[in-house]
Amino acid sequence: MSDLDTSTSASRNDLELGWRYLGNGRPDLAEDYLRRAVAAEPASASAHTLLALCLTGLDKNDEAWEQVREALALDPADRLALAIAGAISKERGHFPEAEKYYLEALGHDPDNVLALHGYASLMHATGHESKASALTARALELDPEDEAAHRLRSYILSDMGEHEASGHHAGEALRLGPDDGHSHVVNGARLIQTGHPFQARDHFRHALRLAPSSGAVEAAFLEADRHCRWIGLPYYFYSLWVEKLPGKQFALWGGIVLLLTLGRRLLPSPVVATIAFAYIGLAVYTWTAPLLIKAWVKLVPPKL
């Protein structure tokens, strides 16, 4: 941010205050200061970049994009602006464009943590898990206390089936940010995938208390709560088990048909009949369980 040196003392003060509020996670308080800085110094790439960063934190991505374009027109090598441009492009679903911006940012500074985070998130979203894992590993080499990198790495490792390592990074994220809803969400997501719905529900509940307006967190909490209902627990564990089969439910159906076909020759008739009726009972339960769970939730709403 070299152009800070040429700013007036008033605009420099606005930039510093805005940056301080951004660092404390308060983009709402930073916005007015940064807008004043941009108005006072329209030729300052740093002012436009910081305002863009602030606006992304307020979900004002269209305005943020305009500020990023101004910043990059003034300074095409602005590493922070390039990383923000990558984040906005990813949010808009423009993945090739996002990758271009992230690579430019990392080309200017291979240790740009924001670009490492963003590029890892992009690779995760597009199914390049190994590359995403390497990027988060690099971010943690630079800063082992990077809460956001621990969270993202936990998601990535979980999707790669490395649940123990995923749990370690989820735990680190929670240690570093016990009052950060995102850290509770990543722990809840990991626990729901590994057969611990009650603990997952507790984390989602805590996250929802920290961010009551988050629709995504509320949906995750409600899903975990459905799994915790006694009528839904068998269906939840059945679903987890079936997901691990090579052909999922088709493997189960095929196995039952094969067992019944061979059983007619090798097993006594009562045993074959028991297997058949047990499978019919399982099929009826799995077909009706979602409706039963939905009805039960209406009768007994979840408690936050």
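Residues numbered from 1 in each chain as written. Predicted model: local features only at pLDDT ≥ 70, side-chain atom pairs only at ≥ 80, totals over all residues. Heavy atoms only, no water.

## Overview of the UniProt feature "repeat: TPR" (unreviewed entry) in the protein
Next up, step 1: UniProt tags residues 45-78 and 79-112 as "repeat: TPR" (unreviewed entry).
Next up, step 2: Along residues 45-78 one finds 79% helix and 0% strand; the C-alpha atoms at either end are 8 Å apart.
Next up, step 3: Along residues 79-112 one finds 79% helix and 0% strand; the C-alpha atoms at either end are 8 Å apart. (UniProt positions renumbered as here; feature names shortened; annotations may be inferred. Helix = DSSP H or I, 4+ residues; strand = E, 2+ residues; numbered from the N terminus.)

## Considering the UniProt feature "transmembrane region" (unreviewed entry) in the protein
Next up, step 1: Taking the numbering used here, the UniProt-annotated feature "transmembrane region" (unreviewed entry) corresponds to residues 273-293.
Next up, step 2: The annotated region residues 273-293 carries 100% helix and 0% strand content, and the separation between its end C-alpha atoms amounts to 29 Å.

## Some details on the environment of Gln-193
Next up, step 1: Considering the arrangement of structural elements, one finds Gln-193 in helix α11 (residues 181-193).
Next up, step 2: On the accessibility criterion, Gln-193 (38% relative accessible area) is partly exposed.
Next up, step 3: Put simply, Gln-193 and Ser-158 are 35 residues apart on the chain and 8.3 Å apart in space, counted from C-alpha to C-alpha.
Next up, step 4: In this structure, Gln-193 is in contact with Ser-158, Asp-159, His-163 and Leu-240, ignoring residues within four places of it in sequence. (Buried < 20%, exposed > 50% of the residue type's maximum accessible area, 1.4 Å probe, protein only. Contact = heavy atoms within 4.5 Å.)

## Some points on the packing of aromatic side chains
Aromatic rings in a pair are described by how distant their centres are and how their planes are angled relative to each other.
Next up, step 1: For the structure on display, the rule yields five aromatic pairs.
Next up, step 2: Taking the centre distance of 5.8 Å and the plane angle of 25° together, the rings of Tyr-21 and Tyr-33 count as stacked. Here Tyr-21, found in helix α1 (residues 9-23), pairs with Tyr-33, found in helix α2 (residues 27-40); they are 12 residues apart in sequence, far enough to count as distant.
Next up, step 3: Tyr-21 sits in the partly exposed class, given a relative accessible area of 27%.
Next up, step 4: Above the ring of Tyr-101, the side-chain terminus of Lys-100 is found at 4.3 Å from the ring centroid. (Phe/Tyr/Trp six-rings, centres within 6.5 Å; stacked < 30°, edge-to-face > 60°. Lys NZ or Arg CZ within 6 Å of the ring centre and 35° of its normal.)

## Thoughts on the pattern of salt bridges
Next up, step 1: As enumerated under the stated definition, the model contains 18 salt bridges in all.
Next up, step 2: Among the ionic pairs, Lys-100 bridges to Glu-104, the shortest N-O distance being 3.3 Å. Of the two residues, Lys-100 and Glu-104 both sit in helix α6 (residues 95-108), four residues apart, roughly one turn of that helix.
Next up, step 3: Between Asp-202 and Arg-205 there is a salt bridge; the shortest N-O distance is 3.1 Å. A residue pair is termed a helical-turn pair when its members lie 3 or 4 positions apart in one helix, as Asp-202 and Arg-205 do in helix α12 (residues 197-210) at three residues.
Next up, step 4: A single network of salt bridges, built from pairs that share partners, joins Glu-31, Arg-35, Lys-60 and Glu-63. (Salt bridge = Lys/Arg side-chain N within 4 Å of Asp/Glu carboxyl O.)

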